[in-house]
Structures are given as structure tokens and as C-alpha cells.
Amino acid sequence: MKKGQGSVEYLIIIAVALILIGMTIYYLRETAENVPQNIKVNVDPFISPSSTIDTGDVKVEVRIEQVSSGEYKVEYKIWALKSPIKKAQLALVCMNKPENVAGYSVIAHTGPLKPPNYWANFWTPVKDVYFPCYLDVYIWK
């Protein structure tokens, strides 16, 4: 064995270890970017006709409007305030599954949504017997 040969082998092992650590960090960063932010907003016309959740870079607004006796329209807006949003999925979750509610299935928006713009949509008619509900929002940035 020549003098200094062991140190070269150690440098190669350290270089391989650094490459593996770099690949792991790159993979974890990609995975973290695909994890959505979850926001839940209470929806109840008897407690509050409107609710707002502001996280700083995203704002979710919910407004409830009576459309007829015992029936309500649940309208929402998702605001991109500081950074773009890639996509969003929303579901109105009530005590019981309301029948004949337009758009009661999951509503999906695909982006990019750039600040200071918003997506909006609504569910109608939601009968008063189905409240309280909550809006379950998933946002990918």
C-alpha cells in the first residue's frame, strides 16, 4: 500500500455519501411540494352567514345566502394572495349527504392561479336540515 492511498479512498467514500445525501434531499423536496395544504371552514347559516380563513398567502371565504324558505346557497372564493396556486379541490361535507344539491361532488380547480386572483363556485340548494357543514379545502402550491 502506497503512502496516502487510504486518504484517497476515504475521499471517494465521502463523495459518494454526499451524492446520496443530495439525492435524498432532492427527492424529499419534490415530495413535500406535492403535499396539499388542508383548510377546513365551518359552514352554518344559523351561526354565521360568512366565514374567512386567511393563512397569509391563501384566503378562503365562504358566504351563505338564503335562496328560498329553508334552502341556502353556499358560495366560496379561494384567493391566491402572495404565491401562485397550482390546483385546489373542495368538498362540502354536511351532517347527512344532501340530496339534489347541484355540484355536491368534489369541485376541482386547476391552475396556475396567480395573485391577487381567486377561484369561486357554489353549491345550491342546501336545505337547513343538513347544517352544520364544513368546507374541506385542499390547496397545492
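Conventions adopted
- Residues numbered from 1 in each chain as written.
- Predicted model: local features only at pLDDT ≥ 70, side-chain atom pairs only at ≥ 80, totals over all residues.
- Heavy atoms only, no water.
- Helix = DSSP H or I, 4+ residues; strand = E, 2+ residues; numbered from the N terminus.
- Rg over C-alpha atoms; globule rule 2.2 N^0.38 Å.
- Buried < 20%, exposed > 50% of the residue type's maximum accessible area, 1.4 Å probe, protein only.
- Phe/Tyr/Trp six-rings, centres within 6.5 Å; stacked < 30°, edge-to-face > 60°.
- Salt bridge = Lys/Arg side-chain N within 4 Å of Asp/Glu carboxyl O.
- Core = buried A, V, L, I, M, F, W, Y, C linked by side-chain atoms within 4.5 Å.
- Contact = heavy atoms within 4.5 Å.
- Pairing = 2+ DSSP bridges.
- Axes fitted to C-alpha atoms, helices over the stretch in contact; angles between N-to-C directions.

Quick word on the overall build of the protein
Across its full length, the protein holds 1 helix and 8 strands. Taking 2.2 N^0.38 as the reference for a compact globule, 141 residues should give roughly 14 Å; the C-alpha atoms of the protein span a radius of gyration of 24 Å, well beyond that estimate. Dimensions along the principal axes, computed over C-alpha positions, put the protein at roughly 95 × 30 × 25 Å. Counting over 141 residues, the protein shows a buried share of 31%.

Section: the packing of aromatic side chains
Summed over all chains, the structure comprises 5 aromatic pairs. Between Tyr-72 and Phe-131, the ring centres sit 5.6 Å apart and the planes meet at 90°, which makes this aromatic pair edge-to-face. Of this pair, Tyr-72 sits in strand E4 (residues 71–80) while Phe-131 sits in the loop between strand E7 (118–127) and strand E8 (133–140); the two residues are 59 residues apart in sequence, bridging distant segments of the chain. In terms of burial, Tyr-72 and Phe-131 fall into one category: buried.

Re the pattern of salt bridges
Under the criterion given, the structure shown has 5 salt bridges. The partner of Lys-40 in a salt bridge is Asp-136, and the shortest N-O contact between them spans 2.9 Å. Remark: Asp-136 occurs in strand E8 and Lys-40 occurs in strand E1 (residues 37–43); sequence separation between them is 96 residues. Arg-63 serves as the salt-bridge partner of Glu-75, at 2.6 Å between the closest nitrogen and oxygen. Here Glu-75 is found in strand E4, whereas its partner Arg-63 is found in strand E3 (residues 58–68), with 12 residues between them in sequence.

A look at the nonpolar core
Among the nonpolar cores identified, the biggest contains 28 residues, and Val-43, Ile-78, Trp-123, Leu-135 and Ile-139 are the most heavily contacted of them. If sequence neighbours within four positions are ignored, Leu-135 has contacts with Ile-39, Lys-40, Val-41, Val-43, Val-60, Val-62, Tyr-76, Leu-90, Ala-91, Leu-92 and Trp-123.

Some points on the sheet that holds E8
Spatial strand order, E1-E8-E5-E6: 4 strands in an open sheet with antiparallel pairing. Looking at the sheet topology across the chains shown, the edges are occupied by E1 and strand E6 (107–113). For this sheet, the mean angle separating the axes of adjacent strands, direction not counted, is 20°. Relative to E8, E1 is paired through 7 bridges, and the arrangement is antiparallel. Considered in E8, the bridge of Asn-38 is made with Tyr-138.

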